[in-house]
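A look at the structure
The chain contents come next:
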Amino acid sequence: MSQLTEREILAALSKVNDPELHRDLVSLNMVQNVRIEGGGVKLRIDLTTPACPLKGKIQGDVENALRAVPGVTAVEIEWGAQVRHGQKQEKGGNFIPGVKNVVLVGAGKGGVGKSTVALNLAAALRLEGATVGLLDADFYGPSVPIMTGISGKPTSVDGRTLEPMEAHGLKVMSIGFLVEPDQAMVWRGPMLHSAITQLLRDVNWGNLDYLVLDLPPGTGDVPLSLAQIVKAAGVVLVSTPQDVALADVVKAKAMFDRVDVPVLGIVENMSDFVCPHCEKSTPIFSTGGTHRAGEAMGIPLLGAIPLDLAIRMGGDKGTPVTVEYPDSKQAQAFREMARKVAGRISVQAHQVKLPVFNLG
Ligand code: ADP
């Protein structure tokens, strides 16, 4: 039998599509380092994110395609990841060149668990192997210092830029590290602009796959200005299933549409309460509403996070549940959400933006 060639292998893989990007693995540059030893084929697949939600499907499709090539007797896949830039790269867009994707986390109103979701999203992406930062830009109520257990102030080596703090494998910066907790701040336009620009540009973030940015709640001037200043890969909206919180999410979606920030999806937080004694599930904040609102707005549901004691305690003691109990049900809910977020960002990064013609 004739010797297998790399060309035959690549030809077979050029018929395997990435299930979300709908393009073949070879033209997406995901197939690397093909080695052939007799009938054995070894190769590396570089996913577009280490948190790829469809890795299992890709693995099955690659194995099937290669085993169908005459002469192939064994397939060995090594996994890598090359996270793509999700930000718009137009002028002025990327003032933090080492950061590939800024992911905003917003909510229509306060207290729905936006910061909890932002922190656990960052921790979950980290667990999957990504390099991740967390920027707390909740100017009115920064809760990330407590939720990460970080105290003290960031330092500067060169007198110009700040070193981020670190916790749980994340680079962390919070407006709360820089402003005294009891110092009432009235954030006006120019001041806000310079504060957020500094937090993004004058912090040594280094190379990050994802910078998760916790926005202030609501649809007022502050989140609007922030969303305009930061050229983000997209925004994750957090809501409880209640109608009142959802109505606010609808407003938030309209706001992000206006400033051209893609809405990646919606996360339903406090979706139901599972009794730690009898394990009975109770939908304290109603049920199904987030799903319905998501469908009505044409945005996917990225996850449903239970109302849970361990989640609240993790936030209070500075060790998020995703870090402390990574295999728990609660952490699994966050990890599944993170994989969906990462998948949506990859899709977003590959989508060709077509001009929108307003015929109305
Ligand atoms: P926001 O950022 O929207 O104001 P936080 O993330 O600060 O909300 O959450 C408000 C409070 O609710 C915190 O005490 C937090 O620990 C708690 N919390 C948030 N999500 C959950 C949850 N899924 N289960 C239990 N407690 C939660």
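Residues numbered from 1 in each chain as written. Predicted model: local features only at pLDDT ≥ 70, side-chain atom pairs only at ≥ 80, totals over all residues. Heavy atoms only, no water.

Positionally, Pro 283 belongs in the loop between strand S11 (281–282) and helix H9 (289–297). Using a relative accessible area of 38% as the deciding quantity, one classes Pro 283 as partly exposed. (Helix = DSSP H or I, 4+ residues; strand = E, 2+ residues; numbered from the N terminus. Buried < 20%, exposed > 50% of the residue type's maximum accessible area, 1.4 Å probe, protein only.)

What follows deals with the nonpolar core. Of all hydrophobic cores here, the largest spans 85 residues; its most connected members are Leu 104, Leu 213 and Phe 256. When residues no more than four places from it in sequence are discounted, the contact partners of Leu 104 are Leu 213, Leu 215, Ala 227, Val 230, Ala 232, Gly 234, Val 235, Val 236, Phe 256 and Val 261. Residues Ala 12, Leu 25, Met 30 and Val 31 belong to the second largest nonpolar core, which totals 25 residues. (Core = buried A, V, L, I, M, F, W, Y, C linked by side-chain atoms within 4.5 Å. Contact = heavy atoms within 4.5 Å.)

It is the contact of helix H3 (residues 114–127) with helix H12 (residues 329–350), at a shortest axis distance of 8 Å, that shows an interaxial angle of 80°. By the angle between their axes, H3 is roughly perpendicular relative to H12. From H3, Thr 116, Val 117, Asn 120, Leu 121, Ala 124, Leu 125 and Leu 127 reach across to H12, where they touch Phe 334, Arg 335, Met 337, Ala 338, Val 341 and Ala 342. A breakdown of the residues in the contact of H3 with H12 according to their chemical character gives 10 nonpolar, two polar and one charged. (Axes fitted to C-alpha atoms, helices over the stretch in contact; angles between N-to-C directions. Parallel < 35°, antiparallel > 145°, perpendicular 65-115°, else oblique. Nonpolar A, V, L, I, M, F, W, Y, C, P; charged D, E, K, R; others polar.)

Summed over all chains, the structure comprises 17 salt bridges. Between Arg 339 and Glu 128 there is a salt bridge, with the nearest N and O atoms lying 2.8 Å from each other. In this pair, Arg 339 is assigned in helix H12 and Glu 128 in the loop between H3 and strand S5 (132–136), connecting sequence segments 211 residues apart. The class of Arg 339 is partly exposed, set by a relative accessible area of 23%. Between Asp 248 and Lys 251 there is a salt bridge whose closest N-O contact spans 3.7 Å. Here Asp 248 pairs with Lys 251, and both are found in helix H8 (residues 243–258), just three residues apart, close to one helical turn. (Salt bridge = Lys/Arg side-chain N within 4 Å of Asp/Glu carboxyl O.)

Glancing now at the confidence of the model for the protein chain. Of the residues in the protein chain, 91% reach a pLDDT of 70 or more, and the chain-wide mean stands at 87. Throughout residues 352–360 the model reports pLDDT below 50, and contacts reaching past four residues in sequence, or to other chains, amount to one contact. (pLDDT = per-residue confidence, 0-100.)

Looking now at the pairing of strand S2 (residues 40–47). Side-chain direction in a regular strand flips from residue to residue, so the side chains alternate between the two faces of the sheet. Judged by how many residues are buried, S2 sits mostly within the fold: six of eight residues are covered. Sheet analysis places strand S1 (residues 31–37) next to S2, joined by five bridges and oriented antiparallel. Paired with Ile 36 across the strands is Val 41, a residue of S2. Following S1, the chain reverses through two residues before pairing antiparallel with S2; Gly 38 in that reversal takes a positive phi of roughly 65°. In this sheet, strand S3 (residues 74–81) lies alongside S2 in parallel orientation, the contact comprising eight bridges. Pairing of Leu 47 across the sheet is with Ala 81, part of S3. You can see the chain leave S2, run along helix H2 (residues 55–67) and come back into S3, and the turn it takes is right-handed. (Pairing = 2+ DSSP bridges. Right-handed = clockwise from strand over helix to strand, strands pointing away.)

Our next topic: the packing of helix H1 (residues 6–13) against H2. Axes are the key here: two packed helices are described by the angle between their axes and the distance separating the axes. Where H1 meets H2, the closest approach of the two axes is 9 Å, and the angle between their N-to-C directions is 130°. One finds that H1 runs oblique with respect to H2. As for the relative orientation of H1 and H2, their crossing is right-handed in sense. Of H2, the residues touching H1 (which contributes Ile 9, Ala 12 and Leu 13) are Val 62, Ala 65 and Leu 66. (Left-handed = near helix turned anticlockwise from the far one by under 90°.)

Here we take up the sheet that holds S3. The strand order across the open sheet built from three strands is S1-S2-S3, with neighbouring strands paired in mixed fashion. Since the sheet does not close on itself, it has two edges, and those belong to S1 and S3, each with one partner. On average, adjacent strands in this sheet sit at an angle of 15° to one another, irrespective of strand direction. The strands touched by H1 are S1 and S2; relative to S1, the strand with the most contacts, the crossing angle is about 130°. The strands that H2 touches are S2 and S3; relative to S3, the one it contacts most, it runs at about 145°.

For H9, every residue scored as buried is listed here: Gly 289, Thr 290, Ala 293, Gly 294 and Met 297. All buried residues of H9 lie within an arc of 130° about the axis, which places them on one face of the element. Exposed residues lying more than 90 degrees from the buried face of H9 are Arg 292, Glu 295 and Ala 296. Residue Gly 298 follows H9 closely and has a positive phi angle near 70°. (Arc of directions from axis to C-beta.)

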